[in-house]
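# Secondary and tertiary structure notes
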Amino acid sequence: MYTDSHCHITCDRLYSRIDEIIENIKAKNLTSCMIMCTSPEELERAKKVKEKYPFFKIAFGWFPSDAKEVADKEIQYLIDQTPYLDCLGEIGLDYYWDTSFNDLQKELFIKQIQIANEHNLPISIHMRESTKDCMDILKQYAKTKIIFHCFSGSKETMMECLKMNSMISFAGPITFKNARQAPECISACPIDRIITETDSPYLTPVPYRGKENEPMYVEYVAKKICEIKQLDEASACRQIEENFNSVFD
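So, here's what we can say about the structure. Being a predicted model, the structure only gives us computed values, none of them experimental.

## Quick notes on the overall build of the protein
- Counting secondary structure elements, the protein contains 10 helices and 8 strands.
- Projecting the C-alpha coordinates of the protein onto the three principal axes gives extents of approximately 50 × 40 × 35 Å.
- Expressed as a percentage of the 249 residues in the protein, the buried residues total 55%.
- Long-range pairs, those at least 24 residues apart, make up 70% of the contacts in the protein between residues at least 6 apart in sequence.
- For the protein, the exposed surface amounts to about 11300 Å²; the carbon and sulfur share of it is 47%.

Okay, structure coming up:
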C-alpha cells in the first residue's frame, strides 16, 4: 500500500537494525521501497538486502559533496555498478554548506546524468539552494525519468519540474508546522505525479519528529498529502505506488 521512494536503510545508523526495519516495513504494508546508497559499502549491503527481499529497488550515485574526491576510478565504479541499479542517485547540486566548488559539482552532475542516459536509468535529484543551475543542467542533459527527491521548492519551481519527465517526491517536512510552501505545492501537483518518501534516517514526520526516521513512517507523509488534497487514503496510495513503479517502465 505505502511507498517509500527514498530511504537510506543501509547507512551505518540504520543497518545495525536492518532486520527490525524490514519487519516494520512488512507490518505497515509498505509494498514499494527504494534503498538509496551513497557509498560502495552501502551499495554492497543493499545488494544483499535485495537478494533476500526482491521487492526493494536500489539507487546509487555520487553525492554533490563528493565532487572534490570523485575521480576517474569512482566514475568507472559507478558505470560498473549500473547492472545492479534501478536508479542513479541521489545526484545533483548542493550549495547550502559550501559554494567553493560549485563548478566541480556541476561537472560531476553532468557526468552522472550522461551515465544514466547511456544505461537508461532514471535519476533521483538532490537540489538544495541550487535551483537555477540544477534545472538548467537537467533541461540540457537529462533524457531519462526524473524523481525530484524531498521537494521543498516553490510552486513555480514545481511547475517547471512537471514540464520534464518527472515525479515530485514529498517527505516528512510537509508534516511540519513551518512547512509554508508544501500545502500549495501538494494542492497544485496532480496526484499522478506525486510519490512519497522518508529520506530516513533523516526528516522524521510528525508525530514522530525527533525520533530516528525509518520507512514505516512514510504512512504519515501519505496521510498529510491525502489531508491536503482531500483524497481517500487507500486509492491515493495505490496511485502513488503506480506513479513510483512507472519511473522504471
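## Describing unusual backbone geometry
- With an omega of 15°, the peptide bond between serine 200 and proline 201 qualifies as cis.
- Along the chain, proline 201 falls in the loop between strand S8 (194-196) and helix H9 (218-229).
- Cis geometry marks the peptide bond from valine 206 to proline 207, where omega comes out at 15°.
- Checked against the element boundaries, proline 207 lands in the loop between S8 and H9.

## Points about the sheet that holds strand S6 (residues 146-148)
- As summarised here, the arrangement of the 8 strands in space is S1-S2-S3-S4-S5-S6-S7-S8, forming an open sheet in which the pairing is parallel. Either end of the sheet is taken by a strand with one partner, and the two such strands are strand S1 (2-7) and S8. Each neighbouring strand pair of the sheet contributes to a mean axis angle of 25°, computed without reference to strand direction.
- In this structure, strand S4 (residues 87-94) lies alongside strand S5 (residues 123-128), joined through 5 bridges in parallel fashion.

## Some remarks on helix H6 (residues 131-141)
- Here H6 has its buried residues at Cys134, Met135, Ile137 and Leu138. Looking straight down H6, one finds that the buried residues subtend no more than 160° of arc, so they occupy a single side. Along H6, exposed side chains directed more than 90 degrees from the buried face belong to Lys132 and Gln140.

## A word on the pattern of salt bridges
- Summed over the entire model, instances satisfying the criterion amount to 19 salt bridges.
- Linking arginine 45 and aspartate 12 is a salt bridge whose minimum nitrogen-to-oxygen distance equals 2.9 Å. Of this pair, arginine 45 sits in helix H3 (residues 40-52) while aspartate 12 sits in helix H1 (residues 12-15), and the two are 33 residues apart along the sequence.
- Classification of arginine 45 as buried rests on a relative accessible area of 15%.
- For aspartate 12, a relative accessible area of 55% translates into the label exposed.
- When the shortest N-O distance is used, the salt bridge between aspartate 133 and lysine 106 registers 3.4 Å. Taken together, the residues span a long stretch of sequence, with aspartate 133 in helix H6 and lysine 106 in helix H5 (residues 102-119) at a distance of 27 residues.
- Judged by relative accessible area, which is 23%, aspartate 133 ranks as partly exposed.
- Looking at lysine 106, the relative accessible area reads 24%, which means it is partly exposed.
- Each member of the salt-bridge network shares a partner with another, and the members are Arg13, Arg17, Glu20, Glu212 and Glu214.

Rules used in this analysis
- Residues numbered from 1 in each chain as written.
- Predicted model: local features only at pLDDT ≥ 70, side-chain atom pairs only at ≥ 80, totals over all residues.
- Heavy atoms only, no water.
- Helix = DSSP H or I, 4+ residues; strand = E, 2+ residues; numbered from the N terminus.
- Buried < 20%, exposed > 50% of the residue type's maximum accessible area, 1.4 Å probe, protein only.
- Contact = heavy atoms within 4.5 Å.
- Areas by Shrake-Rupley, 256 points an atom, 1.4 Å probe, with all protein chains shown as cover.
- Pairing = 2+ DSSP bridges.
- Axes fitted to C-alpha atoms, helices over the stretch in contact; angles between N-to-C directions.
- Arc of directions from axis to C-beta.
- Salt bridge = Lys/Arg side-chain N within 4 Å of Asp/Glu carboxyl O.

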